[in-house]
Amino acid sequence: PGDLAKQEDIVEAVNPHVVRSVVPYSAGATFLVLATYFFILDFTGRADAFVNSIIPVIQMTAPDWFTTLPTILALIGVSIIASEYARRRLTWFIITNDEIYIRRNILFRNVSDFNDRDITKVSQSDPWPLSRLGIGHILIYTASTDEWEARMEFVPNPSQIRRSIRDKTDITEEDG
């Protein structure tokens, strides 16, 4: 995250925890398993039997595009896994001496920055399954609205990050 702040000013800099990526990684792995299954069907010559098991009324041969199906499924699976990996690794929650930066997105980088004087409240949410792993969400409130302005999701050690934000701002324990 050196493009946002000088290294000596950074107090905390974390990525979302890998638990955030469980669902996309599982979806990508499912596509890879399907690609392997269809490759084995095609390689062993059982593609026709597979197609006939789906449509048992008439005898058919596997269509020509059936041989490209494993490649397409594998590309989809690898794309899902690679995009989620890049998305998680390029998301940064950075706390410096003066500001808080939240950098998101791959192609169209979105950087939200909050001056420590603008922050009025910081709250922490620890959903049950994530709290057992030491993962949580941090909500940052500013004076401009009554709603939260930024959300740091799937932060490892959220209490430590929240404490770092409080130390850099003038928020007391009662405020948030």
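Here's what I pulled together on the structure shown here. (Residues numbered from 1 in each chain as written. Predicted model: local features only at pLDDT ≥ 70, side-chain atom pairs only at ≥ 80, totals over all residues. Heavy atoms only, no water.)

For the rest of this paragraph, the subject is the nonpolar core. Grouped together as the largest cluster of nonpolar side chains are 15 residues, with contacts concentrated most on Ile-100, Ile-138, Ile-140, Met-152, Val-155, Ile-161 and Ile-165. Contributions of two or more residues to this core are made by strand 2 (92–96), strand 3 (99–104), strand 5 (119–125), strand 6 (135–142), strand 7 (148–156) and helix 5 (158–168). Leave out the neighbours within four places in its chain, and Ile-161 touches Glu-12, Val-14, Ile-95, Ile-138, Met-152, Val-155 and Pro-156. Ranked by size, the runner-up nonpolar core spans ten residues in total, among them Phe-50, Ala-62, Phe-66 and Leu-69. (Core = buried A, V, L, I, M, F, W, Y, C linked by side-chain atoms within 4.5 Å. Buried < 20%, exposed > 50% of the residue type's maximum accessible area, 1.4 Å probe, protein only. Helix = DSSP H or I, 4+ residues; strand = E, 2+ residues; numbered from the N terminus. Contact = heavy atoms within 4.5 Å.)

The next thing to look at is the sheet that holds strand 1 (residues 10–14). One open sheet accounts for four strands, arranged 1-2-3-4; its pairing is antiparallel. Strands with a single pairing partner mark the edges of an open sheet, and in this sheet they are strand 1 and strand 4 (110–115). Across this sheet, the average inter-strand angle for adjacent strands is 10°, counted without regard to direction. On top of the sheet, helix 5 reaches strand 1, strand 2 and strand 3; it is set at about 150° to strand 1, its chief contact. (Pairing = 2+ DSSP bridges. Axes fitted to C-alpha atoms, helices over the stretch in contact; angles between N-to-C directions.)

Our next topic: the sheet that holds strand 6. Here we have three strands laid out as an open sheet, ordered 5-6-7, and antiparallel in their pairing. Here the strands that pair on one side only, and so sit at the sheet edges, are strand 5 and strand 7. In this sheet, neighbouring strand axes are inclined to one another by 20° on average, regardless of whether the strands run parallel or antiparallel.

For the rest of this paragraph, the subject is the side chain of Thr-91. Along the polypeptide, Thr-91 turns up in the loop between helix 3 (69–89) and strand 2. Since its relative accessible area comes to 6%, Thr-91 is described here as buried. A polar side-chain atom of Thr-91 sits 2.7 Å from the main-chain carbonyl oxygen of Arg-87. Each residue touching Thr-91, except ones within four places of it in the same chain, is listed here: Val-14, Asn-15, Pro-16, Arg-103 and Arg-104. (Polar contact = N/O pair within 3.5 Å; in protein donor to acceptor, adjacent residues only side chain to side chain.)

Along the chain, Ser-164 turns up in helix 5. Leave out the neighbours within four places in its chain, and Ser-164 touches Val-11, Glu-12 and Ile-95.

Moving on, we come to the pairing of strand 6. Within strand 6, eight of the eight residues are buried, which leaves the element mostly enclosed by the surrounding structure. The alternating pattern of strand 6 places Ile-135, His-137, Leu-139 and Tyr-141 and Gly-136, Ile-138, Ile-140 and Thr-142 on opposite faces, both of which are buried. In this sheet, strand 6 lies alongside strand 5 in antiparallel orientation, the contact comprising six bridges. When the sheet's bridge partners are listed, Val-122 is paired in strand 6 with Ile-140. Here strand 6 pairs with strand 7 via six bridges, running antiparallel. Note on strand 7: the bridge partner recorded for Ile-135 is Pro-156.

With that out of the way, let us pick up the pattern of salt bridges. When charged atoms on two side chains of opposite charge get close, those side chains can pair. Per the counting criterion, the structure on display carries three salt bridges. Salt-bridge contacts for Arg-87 lead to Glu-84; the nearest nitrogen and oxygen are separated by 3.8 Å. Here Glu-84 and Arg-87 lie together in helix 3, a separation of three residues that amounts to about one turn. The network of salt bridges with shared partners includes Arg-20, Glu-84 and Arg-87. (Salt bridge = Lys/Arg side-chain N within 4 Å of Asp/Glu carboxyl O.)

A few words now on helix 2 (residues 47–54). Residues that lie three or four places apart on an α-helix share one face, since the helix turns once every 3.6 residues. Where helix 2 is concerned, the buried positions are Ala-47, Phe-50, Val-51 and Asn-52. Among the structural elements, helix 1 (22–44) are those in contact with the buried residues of helix 2.

Another aspect to go through is the environment of Ser-164. Since its relative accessible area comes to 11%, Ser-164 is described here as buried. Placed 68 residues apart in sequence, Ser-164 and Thr-96 show a C-alpha to C-alpha distance of 9.3 Å.

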